[in-house]
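Topology and contacts: notes
Chain by chain, the residues:
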Amino acid sequence: MFMSSEHTNTKRSSNYDLLRIIAMVFVVYIHSQSAIHPFQQGFLTVVGIAVPVFLMISGAFILSNETTLSNLKGYYIKRFKSIVFPFLIFTVAYIISSACCSLYYQECSTFGEAINYEFNYIYLHGKTTTGGQLWFMYIIIPFYIVAPLIILFRKKCKIGYMILTPILLVLSVLNYHLGFVAFPWYLNFISYLPVIMFGDVLKNFVKAFKYDWIIYLILYLIVVSLQIYLKQSIVFGGNRNEFAITLFNEGSRTFGLRDPNTLEVMNITCGSLVFLIFKKIKINIDLSYLASLSYYIYLIHCFFNGFTEIVFNSILKISTETGIFIILAGTLNLIISFFLAIPVMFVFTKKMAENKHEKNSKILQLTFRVEAQIGNDAICDKPTHSDKTIVKYNK
């Protein structure tokens, strides 16, 4: 989902930075829904590609970076500092927030009891009660852990990797819809690994041809229109087409009829087509800052889902069952989260930037000393007074 230095070439990666930004906006709107309404349900179908897109982008850049194998320590340290550490801090914040809400609504008698309840909830469900939308992190962090093994397999057997990835993706989608195997939350990332790997295959192994984006766009419009039609007919039209219902079911549950799920076959299809469309887009604007900011927007926005409902429903008396509610609530949440994410990202990245600057300074000093020594050896047997001064200064 969240990359940092893998995106280094602006011309090649700004298109995916833009896609990350759009997907992050979609995530905020997805989490702002509050009722099953024809417009909300159709809108959620369109923006439901957000999670598949995030997974595919992560796979496209992380799994193609074979230099990871030569510096595993640096890879894990970097992931911990940029991704895991902020997530842990926000998890603590959400636990405290949830405990305070439990006390306010008298669901728990003491703060310690409320905290204990939150930890038990995480143990059972892999998410906090308030920041439940952060479930994605329990997918992406295990992926970061096993990514070097996948990169090694990819490096040693590219053909096998290309063949195995779509097979695993099909099995994962079938398992989602038919419910063959139910993974506990701490192993649920296994179901999503094929989606991540598929992003790598689409970006780095699928050859592009002229005007292919037009074909992808037409296919996307067909699939998303069919998806909206089927869901609307089932939820609001009373259509009991069992095959259509199965398309949006998660095992025995009709979860997908309301919320688009990552592993829905039509949702993955739409996400893949959008990913391929953006593969052909060329952008010369550096969007890396906004793309990095999207991670902190994601971490922050869960705090304000209830707040936006209070503003528009309780105060302004706009019903949650109207189509406009998800637009208003999502937009307000996005604005608040955006402006709060700027100082939060600064706090988390400032120290990292200072450490990086200090490291670069040491490298420059070392280079300067080596160049000075080479110059001394070439000119004379003993360094001149100015050379001694330079070397002494750099030491």
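Please read all numbers here as calculations on a predicted model, not as lab measurements.

What follows is about the confidence of the model for the chain. Scored by pLDDT, the chain comes out at a mean of 81, with 78% of its residues at no less than 70. Confidence over residues 4–12 falls short of pLDDT 50; this stretch has 23 contacts with residues more than four positions distant or in other chains. With pLDDT under 50 throughout, residues 252–256 is counted as low confidence; its partners more than four residues away or in other chains account for nine contacts.

With respect to the helices, strands and loops of the structure, T308 is situated in helix α13 (residues 305–315). Of note is the side chain of T308, whose polar atom sits 2.8 Å from the backbone oxygen of N305. With sequence-adjacent residues up to four places away left out, T308 is seen in contact with A329, L332 and N333.

Between helix α3 (residues 50–62) and helix α6 (residues 137–156), whose axes approach to 11 Å, the crossing angle comes to 30°. Put simply, α3 runs roughly parallel to α6. The way α3 lies across α6 gives a crossing that is right-handed. In this structure, α3 uses L55, S58 and I62 to contact α6, whose residues at the interface are I139, I140, F143, Y144, A147 and I151. Considering only residue class, the contact of α3 with α6 consists of eight nonpolar, one polar and no charged.

Attention shifts here to the side chain of N15. Inspection of the secondary structure puts N15 in helix α1 (residues 10–30). In this structure the side chain of N15 is engaged in a polar contact, spanning 3.4 Å, whose partner is the backbone oxygen of I281. Not counting residues up to four positions away in its chain, the partners in contact with N15 are F278, K279, I281 and I283.

This next bit is on helix α8 (residues 189–204). In this model, α8 (16 residues) spans 23 Å end to end at C-alpha, consistent with the 22 Å of a helix rising 1.5 Å per residue. Of all 16 residues making up α8, 14 are buried, and the element is well covered by its neighbours.

This part covers the environment of T331. Turning to its location among the elements, T331 is positioned in helix α14 (residues 323–379). Residue classification places T331 among the partly exposed positions, given a relative accessible area of 30%.

Aromatic ring pairs are defined here through the distance separating the ring centres and the angle between the ring planes. Tallied over the entire structure, the rule returns 23 aromatic pairs. Consider the rings of F85 and F348, whose centres lie 6.0 Å apart with planes at 75°: the pair is edge-to-face. Note that F85 is positioned in helix α4 (residues 72–104) and F348 in helix α14, a separation of 263 residues in sequence. Taking relative accessible area as the criterion, F348 reaches 16% and is therefore assigned buried. Between Y296 and F348, the ring centres sit 5.9 Å apart and the planes meet at 25°, which makes this aromatic pair stacked. On the criterion of sequence distance, the pair formed by Y296 in helix α12 (residues 288–301) and F348 in helix α14 is long-range, its members being 52 residues apart. Residues Y296 and F348 agree in their burial class; the two are buried. These aromatic residues form a ring-pair network of at least three members: F80, F85, F90, Y295, Y296 and F348. Sitting over the ring of F61, K203 keeps its end group 5.0 Å from the ring centre.

Time to look at the state of the cysteines. A covalent bond between the sulfur atoms of two cysteines is what we call a disulfide. Scanning the entire structure with this criterion turns up zero disulfides. With no disulfide partner, C101 has as its closest neighbouring cysteine sulfur the one in C100, 7.0 Å distant. In this structure C101 comes out as partly exposed when scored by relative accessible area, which is 35%.

In this structure the tally under the stated criterion is five salt bridges. The partner of E66 in a salt bridge is R154, with the nearest N and O atoms 3.6 Å apart. With E66 in the loop between α3 and α4 and R154 in helix α6, the pair connects residues that are 88 residues apart, well separated along the chain. Given the relative accessible area of 27%, E66 is considered partly exposed. The exposure class of R154 is buried, given its relative accessible area of 5%. Among the salt bridges present, the one from K158 reaches E66, with a minimum N-O distance of 3.2 Å. Placement of K158 in helix α7 (residues 158–178) and of E66 in the loop between α3 and α4 is noted, with a sequence separation of 92 residues between them.

As a packed pair, α4 and α12 sit with axes 10 Å apart at the nearest point and diverge in direction by 15°. With respect to their mutual orientation, α4 and α12 come out roughly parallel. In the crossing of α4 with α12, the sense of the turn from one axis to the other is right-handed. Across the interface between the two elements, S82, I83, P86, F87, F90 and Y94 of α4 pack against Y295, Y296, L299, I300 and H301 of α12. Grouping the amino acids of the contact of α4 with α12 by side-chain chemistry returns nine nonpolar, two polar and no charged.

Calculation criteria
Residues numbered from 1 in each chain as written. Predicted model: local features only at pLDDT ≥ 70, side-chain atom pairs only at ≥ 80, totals over all residues. Heavy atoms only, no water. pLDDT = per-residue confidence, 0-100. Contact = heavy atoms within 4.5 Å. Helix = DSSP H or I, 4+ residues; strand = E, 2+ residues; numbered from the N terminus. Polar contact = N/O pair within 3.5 Å; in protein donor to acceptor, adjacent residues only side chain to side chain. Axes fitted to C-alpha atoms, helices over the stretch in contact; angles between N-to-C directions. Parallel < 35°, antiparallel > 145°, perpendicular 65-115°, else oblique. Left-handed = near helix turned anticlockwise from the far one by under 90°. Nonpolar A, V, L, I, M, F, W, Y, C, P; charged D, E, K, R; others polar. Expected span 1.5 Å × (residues − 1). Buried < 20%, exposed > 50% of the residue type's maximum accessible area, 1.4 Å probe, protein only. Phe/Tyr/Trp six-rings, centres within 6.5 Å; stacked < 30°, edge-to-face > 60°. Lys NZ or Arg CZ within 6 Å of the ring centre and 35° of its normal. Disulfide = S-S within 2.5 Å. Salt bridge = Lys/Arg side-chain N within 4 Å of Asp/Glu carboxyl O.

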